[in-house]
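# Structure at a glance
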Amino acid sequence: MGQATISVRNRGLSTGVAILNGEQHELEISLTLRDTEGQQLGETIGYLLEAGSRRALLLGLLFPEVFGEGFAGELVVGTEGGSFAAVALEFGDQPGQLTPLPVTRVEKD
């Protein structure tokens, strides 16, 4: 199983994640939001990524009921039977409000 964990905080900026399927077959990607205690918040969201495809997602749109102002926790991105690449960014509506977020290494089975 491939997995990436991204520490996220809602500080009034938008937080997004982009995922790339570099495999030659489709992957089912799961996204789970957890609080600082590791407890799952909301439902796990699943996406099917075709071979070589990518998807960019905003956490405020994926988890609107829990990813409010002041949220702190982590986003876990996972899949079975393959590997993927992920990048996460925080960005605002003013020039210069853009920063990458650390993403743990994603390993192939």
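Anyway, here's the lowdown on the structure attached to this text. (Residues numbered from 1 in each chain as written. Predicted model: local features only at pLDDT ≥ 70, side-chain atom pairs only at ≥ 80, totals over all residues. Heavy atoms only, no water.)

### A closer look at the sheet that holds strand β7 (residues 85-91)
Selection rule: Note: two strands are recorded as paired if DSSP finds a minimum of 2 bridges between them. A run of H or I in DSSP counts as a helix once it spans at least four residues, and a run of E counts as a strand once it spans at least two, with each numbered from the N terminus. Fitted lines through C-alpha atoms give the axes, limited to the stretch in contact for helices. The angle between two N-to-C directions lies from 0 to 180 degrees.
Taking strand neighbours across the sheet as the criterion, the four strands line up as β5-β2-β7-β8 in an open arrangement whose pairing is antiparallel. Bordering the open sheet on either side are β5 (54-58) and β8 (98-101), each of which pairs with just one other strand. Here the average twist between neighbouring strands, direction ignored, is 20°. Note: strand β2 (residues 14-20) against β7, seven bridges, orientation antiparallel. Looking at β7, one finds that leucine 20 is bridged to alanine 85.

### Thoughts on the sheet that holds strand β6 (residues 72-79)
Spatial strand order, β1-β6-β3-β4: four strands in an open sheet with antiparallel pairing. In this open sheet, the two edge strands, each paired with only one partner strand, are β1 (2-9) and β4 (40-49). Within the sheet, the average angular offset between the axes of one strand and its neighbour, ignoring direction, is 20°.

### A closer look at a nonpolar patch on the surface
This is how it is decided: Patch definition: residues with relative accessible area over 30% and no salt bridge; like charges joined within 9 Å; nonpolar side chains (Val, Leu, Ile, Met, Phe, Trp, Tyr) joined within 5 Å. Note that accessible areas follow from Shrake-Rupley with a 1.4 Å probe, and for residues the cover is restricted to the protein chains shown. Here a salt bridge means any side-chain nitrogen of Lys or Arg lying within 4 Å of a carboxyl oxygen belonging to Asp or Glu.
A contiguous nonpolar patch, built from Leu58, Leu61, Val87, Leu89, Phe91 and Leu98 and spanning about 530 Å² of accessible area, is present on the exposed surface. The biggest single contributor to the nonpolar patch is β7, with three residues. Among the secondary structure elements, valine 87 is positioned in strand β7.

### Thoughts on the nonpolar core
The condition is simple: Nonpolar cores were defined as sets of buried Ala, Val, Leu, Ile, Met, Phe, Trp, Tyr and Cys residues, with membership established by side-chain atoms within 4.5 Å. For the exposure calls, accessible area comes from a 1.4 Å probe over protein chains only, and a residue counts as buried if that area is under 20% of its type's maximum, exposed if over 50%, partly exposed in between. We call two residues contacting when some pair of their heavy atoms lies within 4.5 Å.
By size, the foremost hydrophobic cluster in this structure holds 22 residues, and its most contacted members are Ile19, Phe63, Leu75 and Val77. Counting residues per element, the ones that place at least two in this core are β1, β2, β3 (27-35), β4, α1 (59-62) and β6. Broken down by element, the residue count for this core peaks at four residues, all from β3. Not counting residues within four places of it along the chain, the set of residues in contact with isoleucine 19 comprises Ile29, Leu31, Leu49, Ser53, Arg54, Arg55, Leu57, Val77, Phe84, Ala85 and Ala86.

### Points about the environment of glycine 70
Structurally, glycine 70 is set in the loop between α1 and β6. Of the residues examined, glycine 70 reaches a relative accessible area of 58% and is grouped as exposed. Placed 21 residues apart in sequence, glycine 70 and leucine 49 show a C-alpha to C-alpha distance of 31 Å.

### A look at the pattern of salt bridges
Two side chains of opposite charge can pair, provided their charged atoms sit close to one another. Inspection of every chain in the model, using the stated rule, returns one salt bridge. In this structure, glutamate 74 and arginine 34 form a salt bridge, with 3.9 Å as the shortest nitrogen-oxygen distance. Of this pair, glutamate 74 sits in strand β6 while arginine 34 sits in strand β3, and the two are 40 residues apart along the sequence. Looking at glutamate 74, the relative accessible area reads 23%, which means it is partly exposed.

### Quick word on the environment of asparagine 21
Within the element layout of this structure, asparagine 21 appears in the loop between β2 and β3. As for asparagine 21 and serine 83, which are separated by 62 residues in sequence, their C-alpha atoms are 7.1 Å apart. Residues in contact with asparagine 21, not counting those within four places in the same chain, are Glu26, Leu27, Leu49, Glu50, Ala51, Gly52, Ser53 and Ser83.

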